[in-house]
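Overview (structure and organization)
Here is how the chains run, residue by residue.
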Amino acid sequence: MDKTIRQSVGIDCDKDQLVCEFVNEDELGNIKSLSCKTVKNKESGFKELLKWMRKLREKETGLSVVMEATGVYHQSAAVFLHSNGMDIKVVLPNKTMHFQKTITLKTVTDKVSANSLAVMGIEKKLDNWTPPHPVFNELKQYSRERNQLLEEQTIIKNQKHAEQHSS
């Protein structure tokens, strides 16, 4: 058996579940899918996922976990796995889409997406992800509240203007 030189897990995230694909690359450049697993997108699923990855992983070879930035659905898993020592790579959807075009995918399912993310983790040099500082979540919330208040203010101004200028 050829020596494994790279390992990667691709995770396709949605609101309820994570579809995960574990692949490795040997010395000859052959990329092979070892296993696929679906877990719930909550802490119990993250623990199950971590156990599964540790079981399949070859200790002497680095392992990267690649997931797509899908709204907020990837965040909890990314934070959990990062806090448990995993190298997390979060990629933008357009980057994933362009990579999938290079490997000429005809069908897109959760399993196929997870596989393409895992292959992307092997073939591309991706930046490591680190969780944002908690102050950024607070700023994001304040920004959303401000935008909502500005929209409401515009609606009220328009209603007032219509009342003042109607017959």
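Residues numbered from 1 in each chain as written. Predicted model: local features only at pLDDT ≥ 70, side-chain atom pairs only at ≥ 80, totals over all residues. Heavy atoms only, no water.

**Focus: the overall build of the chain**
The cut-off we apply is this: Under the DSSP-based scheme used, a helix requires at least four consecutive residues in state H or I and a strand at least two consecutive residues in state E, with every element numbered from the N terminus. Here the globule rule is a power law, 2.2 Å times the number of residues to the power 0.38, and the radius of gyration is based on C-alpha atoms. Between two residues, a contact is recorded if the distance between any of their heavy atoms is within 4.5 Å. Calculation of accessible area relied on Shrake-Rupley with a 1.4 Å probe; when residues are assessed, cover is drawn exclusively from the protein chains displayed. Charged residues are defined narrowly, with Lys and Arg counted positive, Asp and Glu counted negative, and His plus the chain ends left uncounted. Charged side chains are reduced to one point each, which is NZ for Lys, CZ for Arg, CG for Asp and CD for Glu.
On a plain count of helices and strands, the chain comes out with five helices and five strands. In the chain, the succession of α and β elements from N to C terminus is β-β-β-α-β-α-β-α-α-α. Relative to the compact-globule value of 15 Å for 167 residues, the chain shows a C-alpha radius of gyration of 21 Å, a clear excess of over 25%. Oriented by its inertia axes, the alpha-carbon framework of the chain measures out at about 85 × 35 × 25 Å. Sequence-distant contacts, at least 24 apart, represent 58% of the contacts inside the chain between residues at least 6 apart. Per element, the accessible surface of the chain, about 10,900 Å² overall, is 51% carbon and sulfur. Considering the chain, the positive charge centre built from 25 side chains and the negative charge centre built from 22 side chains are found 1 Å apart.

**Description of a nonpolar patch on the surface**
The cut-off we apply is this: Patch membership requires more than 30% relative accessible area and the absence of a salt bridge. Residues of like charge join within 9 Å; the nonpolar side chains Val, Leu, Ile, Met, Phe, Trp and Tyr join within 5 Å. In what follows, salt bridge is the name for a side-chain nitrogen of Lys or Arg lying within 4 Å of a carboxyl oxygen of Asp or Glu. Each residue gets one of three labels from its accessible area relative to the maximum for its type: buried under 20%, exposed over 50%, partly exposed in between, using a 1.4 Å probe on protein chains only.
A cluster of nonpolar side chains, Val 135, Phe 136, Leu 139 and Tyr 142, forms an exposed patch at the surface whose accessible area comes to about 410 Å². You can see Leu 139 is positioned in helix H5 (residues 134-164). Judged by its relative accessible area of 48%, Leu 139 falls in the partly exposed class.

**Some words on helix H2 (residues 75-83)**
Stated precisely, the cut-off is as follows: Throughout, the arc means the angular range of directions from the helix axis out to the C-beta atoms.
Burial in H2 covers these residues: Ala 77, Ala 78, Phe 80 and Leu 81. Projected down its long axis, H2 carries its buried residues within an arc of 165°, all on one side. The inward-facing, buried residues of H2 abut strand E1 (4-13), strand E2 (17-26), helix H1 (43-56), strand E4 (63-68) and strand E5 (87-91). Looking one or two residues beyond H2, the residue adopting positive phi is Gly 85, at roughly 85°.

**Observations concerning the confidence of the model for the chain**
Let me state the cut-off plainly: Scored from 0 to 100, pLDDT reflects the predictor's confidence in each residue.
Looking at the chain, pLDDT values average 90 and 99% of them are 70 or higher. Ranking the helices and strands of the chain by mean pLDDT puts E5 first, with 94, and helix H3 (residues 93-102) last, with 86.

**Details of the pattern of salt bridges**
Evaluation of the coordinates by the stated rule reveals five salt bridges. Where Arg 6 meets Glu 25, a salt bridge forms, and the shortest distance between an N and an O atom there is 2.4 Å. Residue Arg 6 is found in strand E1, and its partner Glu 25 is found in strand E2; the two are separated by 19 residues along the sequence.

**Digging into the sheet that holds E4**
Stated formally: If DSSP finds at least two bridges between two strands, the strands pair. To obtain each axis, a line is fitted to C-alpha atoms, and for helices this fit is confined to the stretch in contact; angles are then taken between N-to-C directions over 0 to 180 degrees.
Sheet architecture is open: five strands sit in the order E3-E2-E1-E4-E5, paired in mixed fashion. This sheet does not close on itself; its edge strands, each paired only once, are strand E3 (31-40) and E5. In this sheet, neighbouring strand axes are inclined to one another by 20° on average, regardless of whether the strands run parallel or antiparallel. Across nine bridges, E2 lies against E3 in antiparallel orientation. Pairing of Cys 20 across the sheet is with Lys 37, part of E3.

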